[in-house]
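Understanding the architecture of this molecule
Spelled out, the chains give:
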Amino acid sequence: MSIHFLFISFKIIKMKKEFVALAATVAAFATPAMALEGSVGVGVHAFDFGYRGMDIETYPVPAVSVETDHLYWIGFSAGAYLLKTDNHRVRLGVSYMPTEFDAGDSDNRQMKMLDDRDASVFANIAYAWHTDFGILNVDFGGDISGKSDGLKADVSYLKRFGFGRLGITPQVGFVWTNDKFNDYYYGVSKKESAKSGIAAYNADGGVSPYARVVADYFVTTNIMVYAEASARSYSKEIKDSPMMEDDIMYGFGCGVSYLF
């Protein structure tokens, strides 16, 4: 049985209606007759996104990974398989991207005067190459919710090493985000600058490398607990933003999943 790990933070009250509708559609078509496999669970994760005056944020995290031969619902991503074999998988779908900035949550007086940056919905096409040496993932997406109108690509490699009931999965990769994405989430307009006193800033596109390690332990055949830690080094284009005070985004989390 394949295991998918989803570690995406979110605020439940801000979940987008567009994704809820899509996920409900996928679930409706994914009947028991279509040979469902996957896992469901819940966890708690903490993230330091690096914005000035922002505390570490802790969120409940859903861990949903349900697949058929043709459809998938993995966390905040849902859609259809264009190709699914033992070694190659191509997916087309949409995903909820929870990156956001709420100016009212900042302890910095100037940052409170900036505009909010909202979470968005992306259309994605993804390819995964499964080998005995690990999994190579390539994911490309574009904002379809009219927030940033940005583009992003995520390339990563991961492999799980098993030690009886214990598993360790290291993952390395990088995320490329274009100028529209970076400027929306990390740029400061002239209007905002005049109001807040923060220097105006236009962000270009850039590449941010990251690393993650996940430890999982099977308590029973169907119940698994996990813990994970991650670090993402922001690209220079993001680090140079006057909105940022940290160069690295850290994340920690733990939870439990039921596999079926």
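Scope of this entry: the structure provided in the associated data block. None of the values given here were measured: they were computed from a predicted structure.

So, the overall build of the protein chain
Along its length, the protein chain carries 4 helices and 13 strands. Look at the contacts in the protein chain between residues 6 or more apart in sequence, and 60% of them connect residues 24 or more apart. Within the structure as shown, the protein chain displays about 12800 Å² of accessible surface, and the carbon and sulfur contribution to it stands at 62%.

Examining empty space enclosed by the protein
Per the stated rule, a full pass over the model turns up 2 cavities of 30 Å³ or more. What lines the second largest cavity is Phe 47, Asp 48, Phe 49, Gly 50, Tyr 51, Met 54, Asp 55 and Glu 57. Each residue belonging to the lining of the second largest cavity can be placed in one class, and the counts come to 4 nonpolar, 1 polar and 3 charged.

With respect to the environment of Gly 38
Take Gly 38: it is sitting in strand β1 (residues 37–48). The spatial distance from the C-alpha of Gly 38 to the C-alpha of Leu 259 is 5.9 Å, given a sequence separation of 221 residues.

Focus on a nonpolar patch on the surface
Side chains of Val 40, Val 42, Phe 161, Phe 163, Leu 166, Tyr 217, Val 219, Ile 223, Val 225, Val 256, Tyr 258 and Phe 260 sit close together on the surface and give an oily, nonpolar patch of about 960 Å² of accessible area. Of all the secondary structure elements, the ones that give two or more residues to the nonpolar patch are β1, β9 (161–163), β12 (223–233) and β13 (248–259). Position of Phe 260 relative to the elements: it lies in the segment after β13.

Describing the environment of Ser 233
The topology assignment puts Ser 233 in strand β12. Of the residues examined, Ser 233 reaches a relative accessible area of 24% and is grouped as partly exposed. Sequence separation of Ser 233 and Ser 208 is 25 residues, and the distance between their C-alpha atoms is 5.6 Å. Those residues in contact with Ser 233, other than ones at most four positions away along the chain, are Ser 208, Pro 209, Lys 239, Asp 247 and Ile 248.

Digging into the packing of aromatic side chains
Inspection of the entire model under this criterion finds 9 aromatic pairs. Look at Tyr 184 and Tyr 185: their rings are 4.8 Å apart centre to centre, the planes differ by 85°, and that puts the pair in the edge-to-face class. Ring-pair connections join several aromatic residues into one group, and the members of that group are Tyr 51, Phe 101, Tyr 186 and Tyr 234. A cation over a ring is seen here: Lys 159 above Phe 161, with NZ or CZ 5.6 Å from the ring centre.

Quick notes on helix α2 (residues 179–186)
When α2 is considered as a whole, its buried residues turn out to be Phe 181, Asn 182, Tyr 185 and Tyr 186. Buried residues of α2 fall within an arc of 90° about the axis and therefore sit on the same side. Buried residues along α2 sit against β5 (88–97), β6 (120–131), β8 (151–158), β10 (166–177), β11 (206–218) and α4 (236–239).

A look at the pairing of β1
As judged from the 11 bridges shared by β1 and strand β2 (residues 57–67), these two strands associate in the antiparallel manner. Bridge assignment links Gly 43 to a residue of β2, and that residue is Val 61. With 10 bridges joining them, β1 and β13 adopt antiparallel strand pairing. Each bridged residue has a counterpart across the sheet, and for Asp 48 the counterpart in β13 is Tyr 250.

With respect to unusual backbone geometry
Of note, the phi angle at Asp 149 is positive, near 55°, even though the residue is not glycine. Mapped onto the fold, Asp 149 is located in the loop between β7 (134–143) and β8.

Re the pairing of strand β3 (residues 71–74)
In the sheet, β2 pairs with β3 via 3 bridges, with the strands oriented antiparallel. Its bridge partner lying in β3, Ser 65 is registered against Ile 74. Of the pairings in the sheet, the one linking β3 to strand β4 (residues 77–84) comprises 4 bridges and is antiparallel in character. The residue bridging Trp 73 from the neighbouring strand is Ala 78, located in β4.

Section: the environment of Phe 174
Relative to the elements of secondary structure, Phe 174 occurs in strand β10. Distance in space between the C-alpha atoms of Phe 174 and Val 155 is 5.6 Å, their sequence separation being 19 residues. Leave out the neighbours within four places in its chain, and Phe 174 touches Ala 153, Asp 154, Val 155, Val 207, Ser 208, Pro 209 and Tyr 210.

Cut-offs used in this document
Residues numbered from 1 in each chain as written. Predicted model: local features only at pLDDT ≥ 70, side-chain atom pairs only at ≥ 80, totals over all residues. Heavy atoms only, no water. Helix = DSSP H or I, 4+ residues; strand = E, 2+ residues; numbered from the N terminus. Contact = heavy atoms within 4.5 Å. Areas by Shrake-Rupley, 256 points an atom, 1.4 Å probe, with all protein chains shown as cover. 1 Å grid on protein atoms, 1.4 Å probe; cavity = no way out; pocket = protein on both sides within 12 Å on 5 of 7 lines; lining within 4 Å. Points joined across faces, edges and corners; volume = space filled by probe spheres on them. Nonpolar A, V, L, I, M, F, W, Y, C, P; charged D, E, K, R; others polar. Patch = residues over 30% accessible without salt bridge, like charges linked within 9 Å, V, L, I, M, F, W, Y side chains within 5 Å. Salt bridge = Lys/Arg side-chain N within 4 Å of Asp/Glu carboxyl O. Buried < 20%, exposed > 50% of the residue type's maximum accessible area, 1.4 Å probe, protein only. Phe/Tyr/Trp six-rings, centres within 6.5 Å; stacked < 30°, edge-to-face > 60°. Lys NZ or Arg CZ within 6 Å of the ring centre and 35° of its normal. Arc of directions from axis to C-beta. Pairing = 2+ DSSP bridges.

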